[in-house]
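What follows is each chain in one-letter form.
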Amino acid sequence: MGDIMDVIKMDDKKKEGRYSRIYKQLKDLLLKTDDPLARMASVCAVLHHKMDYYFWTGFYLLKEDKLIVGPYQGPLACQELEKDKGVCWAAVNGRTPVLVADVHAFPGHVSCDSRSLSEITVPVFNGQGEVMAVFDVDSDHTDSFTSVDQRALSEIMALIFSTE
Ligand code: SME
């Protein structure tokens, strides 16, 4: 029997199927340009409109010591993120994705919109292994992201600076 959580949360099996279709679509789409910013914009548009639980979907670009907002979809967001604070900087500094089930329990979380309750951040690397940006998704429900999101989004982020 289904319960209310089935309506607001996508299960991992359904996520796997959807991410796999999106990955194929994005791989073809992103080949049409080698501009990383254009690729980021396309990734945001596709993911934001295909994943129902994405409330805010976007990139912050690492410029010297700053994270500056890049392409995004969703409500108005912070334009710059204070260095070394919050979930985006944690992914940049740790060079690894960060999953936050409840943003209120994450010390230093930066709230751009009080409706955001859970979050995932994934670093974006260039061909030399340098972090160039971070991809950030917020959900307006707690506990929306799992290892399935983490794996699929890491694969998608590898397309941004790919030369293949
Ligand atoms: N929550 C992020 C800030 C960016 S917004 O969620 C769009 C953080 O803690 O870094």
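Further up the page is the structure itself.
About the criteria used
Residues numbered from 1 in each chain as written. Predicted model: local features only at pLDDT ≥ 70, side-chain atom pairs only at ≥ 80, totals over all residues. Heavy atoms only, no water. Helix = DSSP H or I, 4+ residues; strand = E, 2+ residues; numbered from the N terminus. Expected span 1.5 Å × (residues − 1). Contact = heavy atoms within 4.5 Å. Polar contact = N/O pair within 3.5 Å; in protein donor to acceptor, adjacent residues only side chain to side chain. Near = heavy atom within 4 Å. Areas by Shrake-Rupley, 256 points an atom, 1.4 Å probe, with all protein chains shown as cover. Nonpolar A, V, L, I, M, F, W, Y, C, P; charged D, E, K, R; others polar. Disulfide = S-S within 2.5 Å. Buried < 20%, exposed > 50% of the residue type's maximum accessible area, 1.4 Å probe, protein only.

**Q** Residue-level account of helix 3 (residues 36–50), with values.
**A** Because each turn of an α-helix spans 3.6 residues, side chains separated by three or four positions in sequence point in the same direction. Look at helix 3: 21 Å from first C-alpha to last across 15 residues, which is about the 21 Å you get at 1.5 Å a residue. Elements that come into contact with the buried residues of helix 3 comprise helix 2 (12–30), strand 1 (56–63), strand 2 (66–73), strand 6 (131–139) and helix 5 (147–157). Put simply, Asp35 is the residue that caps the front of helix 3, since its side-chain oxygen is 3.0 Å from the backbone nitrogen of Leu37.

**Q** Go over the site of the ligand, please, and point to the residues and values.
**A** Surveying the vicinity of the ligand reveals the residues Trp56, Tyr60, Leu81, Gly86, Val87, Cys88, His109, Val110, Cys112, Glu119, Asp136 and Asp138. One nitrogen or oxygen atom from the main chain of Val87 is found 2.9 Å from an oxygen atom belonging to the ligand. Across the complex, the protein chains shield 99% of the 300 Å² of accessible surface that the ligand would expose by itself. Of all the secondary-structure elements, those providing two or more residues to the shell around the ligand are strand 1, helix 4 (86–94) and strand 6. No other element matches the 3 residues that helix 4 contributes to the shell around the ligand. Of the residues contributing to the shell around the ligand, the split by class is 7 nonpolar, 2 polar and 3 charged.

**Q** Could you give me a rundown of the state of the cysteines, with the residues and numbers involved?
**A** Within this structure, the stated rule accounts for 1 disulfide. A disulfide bridge connects Cys78 with Cys112, and the sulfur atoms are separated by 2.1 Å. What sets the handedness of the Cys78 and Cys112 disulfide is the S-S torsion sign, and at about -120 degrees it is left-handed. Residue Cys78 is located in the loop between strand 2 and strand 3 (80–81), and its partner Cys112 is located in the loop between strand 4 (98–100) and strand 5 (118–125); the two are separated by 34 residues in the primary sequence. Residue class for Cys112 comes out partly exposed when judged on its relative accessible area of 33%. As a non-bridged cysteine, Cys44 has Cys88 as the owner of its nearest cysteine sulfur, 12 Å distant. For Cys44, a relative accessible area of 1% gives the class buried. Lacking any disulfide linkage, Cys88 is separated from the closest cysteine sulfur, that of Cys112, by 7.7 Å. By relative accessible area, Cys88 is classed as buried at 5%.

**Q** How would you summarise the environment of Val69 if you had to cite specific residues and measurements?
**A** With respect to the helices and strands, the residue Val69 is situated in strand 2. For the pair Val69 and Ile22, spaced 47 residues apart in the sequence, the C-alpha separation amounts to 24 Å. When near neighbours in sequence (up to four residues on either side) are disregarded, Val69 contacts Trp56, Phe59, Tyr60, Cys78 and Gln79.

**Q** Outline the side chain of Ser144, listing residues and values.
**A** Inspection of the secondary structure assignment puts Ser144 in the loop between strand 6 and helix 5. A relative accessible area of 7% places Ser144 in the buried class. For Ser144, the contacting residues outside a window of four places in its chain are Lys15, Tyr53, Ser118, Ser139 and Asp149.

Just geometry here; none of it tells us what the structure is for.
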